[in-house]
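# Inside the fold
The primary structure of each chain is shown beneath.
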Amino acid sequence: MAKLKENVEGILCAKCDKEMRLVSIPQYEFEEGLPLHHVQGYKCQTCAQLFFTEEQAKEMEMRTDELKEYAFGFQRKVTISGRSLVVGIPAELAEHIHLKPGTPVKILPISNDGFLVRKV
Ligand SMILES: [Zn+2]
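Here the structure is a predicted model, which means the values were calculated and not measured.

## Some words on the coordination of the zinc ion
- Cys13 (SG), Cys16 (SG), Cys44 (SG) and Cys47 (SG) make up the full set of protein donors to the zinc ion, lying at 2.1 to 2.4 Å.
- Around the zinc ion sit 4 donor atoms; with metal-centred angles ranging over 103 to 122°, the donor geometry is tetrahedral.
- By relative accessible area, which is 27% here, cysteine 16 ends up partly exposed.

What follows is the structure, given as structure tokens:
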């Protein structure tokens, strides 16, 4: 991401000092693998360098979090196997983080109502 350089005319490109134009970017991955559509940002007309204001970056972060929740937030019911409780991991989610049978994971409690499953 480019450095902020603001003056009366607007935002200047950190590379070539040309004025950047506010554009709608058709697709942009704020976080790898989670493409956002129609993102507002500044683009240099000369070198195509992109720049995002703090506000625009916050907006992208919010949208990315929403995307995670809706795209990967699945509801499941807890079942039982022997003495362990079992929660099925949706295939899409497993694929997204490259989780396969046999992959070692660590289970960490977070607050009093959830836990995190992380690849070791
Ligand atoms: Zn430029």
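From this point, things continue past the structure.
## Observations concerning a negative patch on the surface
- On the surface, Glu54, Glu55, Glu59, Glu66 and Glu69 cluster together to form a negatively charged patch.
- Mapped onto the elements, glutamate 66 comes out in helix H1 (residues 54–72).
- By relative accessible area, glutamate 66 is classed as partly exposed at 41%.

## A word on the nonpolar core
- If you look at the biggest cluster of nonpolar residues, it comprises 6 residues: Ile11, Cys13, Met20, Tyr42, Cys44 and Phe51.
- Aside from chain neighbours lying at most four places away, what touches methionine 20 is Ile11, Leu12, Cys13, Tyr42, Lys43, Cys44, Gln49, Leu50 and Phe51.
- One finds Ile25, Leu36, Phe52 and Met60 within the second-largest nonpolar core, a separate group that totals 5 residues.

## A short note on the pattern of salt bridges
- In total, this model carries 2 salt bridges according to the counting rule given.
- As a salt-bridge pair, lysine 68 and glutamate 31 come within 3.2 Å of each other at their nearest N and O atoms. With a gap of 37 residues between them, lysine 68 in helix H1 and glutamate 31 in strand E3 (residues 20–31) connect regions that are remote in the sequence.
- Classification of lysine 68 by relative accessible area gives partly exposed; the value is 30%.
- In this structure, lysine 68 engages aspartate 65 in a salt bridge whose closest nitrogen and oxygen atoms are separated by 3.9 Å. With lysine 68 and aspartate 65 both in helix H1, this residue pair falls 3 residues apart, about one helical turn.
- Residues participating in the shared-partner salt-bridge network are Glu31, Asp65 and Lys68.

## Structural notes on the domain arrangement of the protein
- Each assigned domain of the protein is listed with its residue range as follows: domain 1 (6–72) and domain 2 (79–119).
- Its C-alpha centre places domain 1 at a distance of 34 Å from the equivalent point of domain 2.

## What to know about the environment of lysine 58
- Along the polypeptide, lysine 58 turns up in helix H1.
- Classification of lysine 58 by relative accessible area gives exposed; the value is 54%.
- Between the C-alpha atoms of lysine 58 and glutamate 95, which are 37 residues apart in sequence, the distance is 27 Å.

Conventions and cut-offs
- Residues numbered from 1 in each chain as written.
- Predicted model: local features only at pLDDT ≥ 70, side-chain atom pairs only at ≥ 80, totals over all residues.
- Heavy atoms only, no water.
- Donors = N, O, S within 2.8 Å, 3.2 Å for Na, K, Ca; no water.
- Tetrahedral: all angles 85-135°; square planar, octahedral: opposite > 155°, others 65-115°.
- Buried < 20%, exposed > 50% of the residue type's maximum accessible area, 1.4 Å probe, protein only.
- Patch = residues over 30% accessible without salt bridge, like charges linked within 9 Å, V, L, I, M, F, W, Y side chains within 5 Å.
- Areas by Shrake-Rupley, 256 points an atom, 1.4 Å probe, with all protein chains shown as cover.
- Salt bridge = Lys/Arg side-chain N within 4 Å of Asp/Glu carboxyl O.
- Lys, Arg positive; Asp, Glu negative; His and termini not counted.
- Charge placed at Lys NZ, Arg CZ, Asp CG, Glu CD.
- Helix = DSSP H or I, 4+ residues; strand = E, 2+ residues; numbered from the N terminus.
- Core = buried A, V, L, I, M, F, W, Y, C linked by side-chain atoms within 4.5 Å.
- Contact = heavy atoms within 4.5 Å.
- Domains from an automatic or database assignment.

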